[in-house]
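Results of the structural survey
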Amino acid sequence: MSRKLLTLTLSAALMGGTASAETPRVAVDIAPVHSLVARVMDGVGTPSLIVKPGTSPHEYSLRPSEAAALQDADLVFWISPDLTPWLADTIETLAPDAAVTELLETDGTIELEFRENALFEAHDHDDHEEDHDDHEDHEDHAKDGHDAHDNDHDKEADDDHGHDEHGHDDHDEAGHDGHHHGAHDPHAWLSPQNAMTWLNVIAGQLSAADPDNAGAYFANAAAGRSEIDKLIEEVTVALDPVRGGQFIVFHDAYQYFEADFDFRAAGAISLSDASDPSPARIAEIQERIAEQNIDCVLAEPQFNPGLVETVLDGTDAQMGILDPLGSGLEPGPALYPQLIRNLSTALAACM
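Source: prediction; values computed, not measured.

Okay, the overall build of the protein chain next. Scanning the protein chain from N- to C-terminus turns up 13 helices and eight strands. For the protein chain, buried positions account for 55% of its 351 residues. Sequence-distant contacts in the protein chain: of pairs separated by 6 or more residues, those separated by 24 or more amount to 67%. Carbon and sulfur atoms make up 47% of the accessible area of the protein chain, which amounts to about 14,600 Å² in all.

See below:
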């Protein structure tokens, strides 16, 4: 337990079980996770958002106000260094005493491995079906800060990843010619199943720091899970009319959404870290569009659409916009469900 969290807990004990009157100061990396934390803290406090909306979290320079929020934080929630490698040292430097929760590593989180081929074949998904099947029953989440899933996640790597673009054979900690990542795709917030798990994790961490408001935190988490349950049904209905259509995404950020809703992309122009694709990768995508009559190629507001226009040149595919971060939305409790809803709406419209 960190020194700040220990101080808060000891203060509560010394006051006869009453928590400190001051609400814990909380810092969160990206807007979708900030939304989940804000949902749990609704009516109690407001978390600070570190990465400015509308910018890519893969590379980012903190503004003074964001650095100050991190420095003052009692608790920090973030995805992992796989998404924001620059943030790991920053947290250690600015918030050494904060209770830090790396959500990708929490119990019950669905984890999917990086896909590195430009084109996604059936074998890229088969190894992960069991992970999602095991998470279909999400009604009975434990209220101890962790999701009550007992399933084992299949961690085996795909046997046919194409690595010729980067000249390495393994997913090591500093692969991709300097692009740091571990074994798993960090865009895990795009799985509503993960979001429901994390609501309980967040409530548990906040309750440890602020036991006087534990009831409010867990009640908010339960309400948030119910909202996401209804959202899953809504998105499934929205996507049903266009199932069977094929689409290409700008960068490989959506496989958690694809797996949760069983609606698979045919490929990605860029890797998961949004690094610039090679000419060979672009040519491979263009060939797939021509051969398989791809319906839609999806750009993102955080990146220059020029690459998408290059890929679309000479094809009949439509261009749409997917926003995995909710850059056009107001940060807060309502952002996460609207983000997921917008993904399904944009995808259906482009198809």
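Their axes nearest at 9 Å, the elements helix 9 (residues 214-239) and helix 13 (residues 335-350) cross at an angle of 5 degrees. By the angle between their axes, helix 9 is roughly parallel relative to helix 13. Within the contact between the two elements, helix 9 uses Ile 228, Leu 231, Glu 234, Val 235, Ala 238 and Leu 239 and helix 13 uses Tyr 336, Pro 337, Ile 340, Arg 341, Ser 344, Leu 347 and Ala 348. Its residues placed into classes, the contact of helix 9 with helix 13 shows 10 nonpolar, one polar and two charged.

Right, let's talk about the nonpolar core for a bit. One recurring pattern in soluble globular proteins is that nonpolar side chains are buried together. In terms of nonpolar packing, the biggest core is built from 78 residues, with Val 33, Trp 189, Leu 190, Trp 198, Phe 257 and Ile 340 touching the most fellow members. It is helix 8 (residues 192-209) that contributes the most residues to this core, nine residues altogether. Excluding anything up to four places from it in sequence, Phe 257 contacts Leu 190, Val 235, Leu 239, Ile 340, Leu 343, Ser 344 and Leu 347. Counting 17 residues, the second-largest nonpolar core is a separate cluster that includes Leu 119, Ile 269, Ile 282 and Ala 299.

The terminal C-alpha atoms of helix 11 (residues 279-292) lie 20 Å apart, and with 14 residues this matches the ideal 20 Å at 1.5 Å per residue to within 8%. Of the positions making up helix 11, those classed as buried are Arg 281, Ile 282, Ile 285, Arg 288 and Ile 289. Mapping the buried residues of helix 11 onto a view down its axis gives an arc of 120 degrees, with all of them on the same face. Residues of helix 11 that are exposed and point more than 90 degrees away from the buried face comprise Pro 279, Ala 280, Ala 290 and Glu 291. Against strand 5 (247-251), strand 6 (267-270), strand 7 (296-299) and helix 12 (306-312) lie the buried residues of helix 11. At the exit of helix 11 stands Asn 293, carrying a positive phi of roughly 50 degrees.

Where a strand is regular, its side chains alternate between the two sheet faces. Here strand 4 (residues 99-102) shows a clear split, with Ala 99 and Thr 101 buried on one side and none of Val 100 and Glu 102 buried on the other. Strand direction decides the pairing type here: strand 3 (residues 75-78) and strand 4, joined by four bridges, are parallel. Looking across to strand 4, one finds that Phe 77 is bridged to Thr 101.

Moving on, we come to the packing of helix 2 (residues 31-41) against helix 9. Interhelical geometry of helix 2 versus helix 9 gives an angle of 125 degrees and a closest axis separation of 7 Å. Viewed along their axes, helix 2 and helix 9 adopt a mutual orientation that is oblique. When helix 2 is examined against helix 9, the residues Leu 36, Arg 39, Val 40 and Met 41 are found in contact with a partner set consisting of Ala 216, Tyr 217, Asn 220, Ala 221, Ala 223, Gly 224, Glu 227 and Ile 228. Tallied by class, residues from the contact of helix 2 with helix 9 come to eight nonpolar, two polar and two charged.

What counts as what
Residues numbered from 1 in each chain as written. Predicted model: local features only at pLDDT ≥ 70, side-chain atom pairs only at ≥ 80, totals over all residues. Heavy atoms only, no water. Helix = DSSP H or I, 4+ residues; strand = E, 2+ residues; numbered from the N terminus. Buried < 20%, exposed > 50% of the residue type's maximum accessible area, 1.4 Å probe, protein only. Contact = heavy atoms within 4.5 Å. Areas by Shrake-Rupley, 256 points an atom, 1.4 Å probe, with all protein chains shown as cover. Axes fitted to C-alpha atoms, helices over the stretch in contact; angles between N-to-C directions. Parallel < 35°, antiparallel > 145°, perpendicular 65-115°, else oblique. Nonpolar A, V, L, I, M, F, W, Y, C, P; charged D, E, K, R; others polar. Core = buried A, V, L, I, M, F, W, Y, C linked by side-chain atoms within 4.5 Å. Expected span 1.5 Å × (residues − 1). Arc of directions from axis to C-beta. Pairing = 2+ DSSP bridges.

In short, geometric facts, not functional conclusions.
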